[in-house]
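Results of the structural survey
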Amino acid sequence: MPQQPAADWWPKRVGGLKLTGLLTFKHIATFPRVNRALKLRMPTLPSANLSFSTFLLTGFPGLEWAHHWLSLPIFVGYLIALMGNATILHLVRTDPALHQPMYYFLAILAVTDLGLCMSTLPSVLGVLWFDARAVVLVPCVLQQHFLHSFSFTESAVLFAMSLDCLVAIRFPLRYASVLTGPRVALAGVVLGMRSAPITAAPSVNLLKLDYCHPGALSHAYCLHQDMIRLACSDTRFNRLYGLCIIMLAMGSDVLFILLSYAIILRTVLAIASAGDRLKALNTCVSHTLAVLCFCVPVLGLSIVHRFGHHASSLVHILMGTVSVLFPPVMNPVIYSIKTQQIRRAILKVISLGKIK
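These notes cover the structure that comes with them. (Residues numbered from 1 in each chain as written. Predicted model: local features only at pLDDT ≥ 70, side-chain atom pairs only at ≥ 80, totals over all residues. Heavy atoms only, no water.)

**Structural notes on the overall build of the chain**
- Each helix and strand in the chain was counted, giving 15 helices and four strands.
- Burial status across the chain gives 45% buried among its 356 residues.
- Put simply, of all contacts in the chain between residues at least 6 apart along the chain, 76% involve residues at least 24 apart.
- Total accessible area on the chain is roughly 19000 Å²; 70% of this is exposed by carbon and sulfur atoms. (Helix = DSSP H or I, 4+ residues; strand = E, 2+ residues; numbered from the N terminus. Buried < 20%, exposed > 50% of the residue type's maximum accessible area, 1.4 Å probe, protein only. Contact = heavy atoms within 4.5 Å. Areas by Shrake-Rupley, 256 points an atom, 1.4 Å probe, with all protein chains shown as cover.)

This is the structure in structure tokens:
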């Protein structure tokens, strides 16, 4: 029997599922309806000339029937993150008592967390609510670019906030003159400009790669390491460049944060009064918790990707969701609970609302 071209045998709709692009064969094996409809219609593909331009996002495999229920806590998490960080921005903008360098950095962190949420929210809720798994190349590349850019920005902002703590504890009398409003604003611009360009080169190169390896992406959003896994072109540049920017950017941020805390701890231990030592350490508690909320999920996801090849796909998806959602949710909660000035500003807004 003569071999049919791919365009002739590939159906537009199988098993009740509309196909808007080329479907990966790993996805076909995952979804029984498509598998039953296609397994008798699959000739040998001319793999050398085939390039996939559509990727498939992954929800919770085997739990598709519960996606609407599973979406509830994820949606609540996004809602808390968006409302919490928007509230922080509103308070810093409107309350004169919060017009200080520490809270300006907190506002920059809130903007970064909002960007991190908005990078993944459409695709995650689209998969869980509407089963919208297909995504074409350009939107996928843009999503992973913004996601990684905001992740690098968050790491850099946390490093800048550690310097803020260091200056406040080691040089308290010169704090106001060293960290002025314009300098903090300039730092925010530099941090943003640092992160976007360093992720641009691998993102542009992703557009040039051929994707002929069948397989679905590992999460409900696009990641750089997921996309190069499906590429059949030479990906050495993306792999080496990605490793270098992680080590030089995020790795250096973590290293300098640890160095800052070592100097802070040494300075605090030199204070004679126990009460003053406790007060000095208390100024860094919120920042320490924010660093842990960012670093622990990222480290956990890296460990799962590196050593968890035999782990359930649900573990990968759960860790991926936590790594992008946990920091934006927890940062406003931490600073609202642990920072007295933020608490007062929130209570002030609530009391004015009751009076009105």
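Now that the structure is up, let's keep going.
**A look at the nonpolar core**
- Among the nonpolar cores identified, the biggest contains 38 residues, and Leu106, Leu109, Leu158, Met161, Ile264 and Ile342 are the most heavily contacted of them.
- Secondary structure elements with two or more residues in this core: α4 (67–94), α5 (101–130), α6 (137–170), α8 (181–198), α11 (236–269), α13 (285–307) and α15 (340–355).
- The biggest single contributor to this core is α6, with nine residues.
- Core analysis: the next-biggest nonpolar cluster, separate from the first, contains 34 residues, Phe55, Cys140, Ile228 and Leu230 among them. (Core = buried A, V, L, I, M, F, W, Y, C linked by side-chain atoms within 4.5 Å.)

**Points about the side chain of Ser195**
- Summarising the element assignment, Ser195 is placed in helix α8.
- Polar contacts involving the side chain of Ser195 include one to the side chain of Thr153, which spans 2.9 Å.
- Filtering out sequence-adjacent residues up to four positions away, Ser195 remains in contact with Ser149, Phe152 and Thr153. (Polar contact = N/O pair within 3.5 Å; in protein donor to acceptor, adjacent residues only side chain to side chain.)

**Looking at the state of the cysteines**
- With the rule as written, the count across this model stands at two disulfides.
- One disulfide in the model links Cys140 with Cys222; its S-S distance is 1.9 Å. Between Cys140 and Cys222, the disulfide has an S-S torsion of -115° and is therefore left-handed. One end of the pair, Cys140, is in helix α6; the other, Cys222, is in the loop between α9 (200–208) and α10 (224–229), and 82 residues separate them in sequence. Taken as a pair, Cys140 and Cys222 share a single burial class, namely buried. (Disulfide = S-S within 2.5 Å.)

**Some thoughts on the pattern of salt bridges**
- For the coordinates displayed, the defined rule picks out four salt bridges.
- We note a salt bridge from Asp226 to Arg229, for which the minimum N-O separation is 3.6 Å. Here Asp226 pairs with Arg229, and both are found in helix α10, just three residues apart, close to one helical turn.
- A salt bridge links Asp234 to Arg236, with the nearest nitrogen and oxygen atoms 2.8 Å apart. (Salt bridge = Lys/Arg side-chain N within 4 Å of Asp/Glu carboxyl O.)

**Focus on the packing of α5 against helix α14 (residues 313–338)**
- Where α5 meets α14, the closest approach of the two axes is 9 Å, and the angle between their N-to-C directions is 150°. By the angle between their directions, the pair α5 and α14 is classed as roughly antiparallel. Judged by the twist between their axes, the crossing of α5 over α14 is left-handed. Along the contact surface, α5 presents Met102, Leu106, Leu109, Asp113, Leu116, Cys117 and Thr120, while α14 presents Val324, Pro327, Pro328, Asn331 and Tyr335.
- Residues of the contact of α5 with α14, tallied by class, amount to nine nonpolar, two polar and one charged. (Axes fitted to C-alpha atoms, helices over the stretch in contact; angles between N-to-C directions. Parallel < 35°, antiparallel > 145°, perpendicular 65-115°, else oblique. Left-handed = near helix turned anticlockwise from the far one by under 90°. Nonpolar A, V, L, I, M, F, W, Y, C, P; charged D, E, K, R; others polar.)

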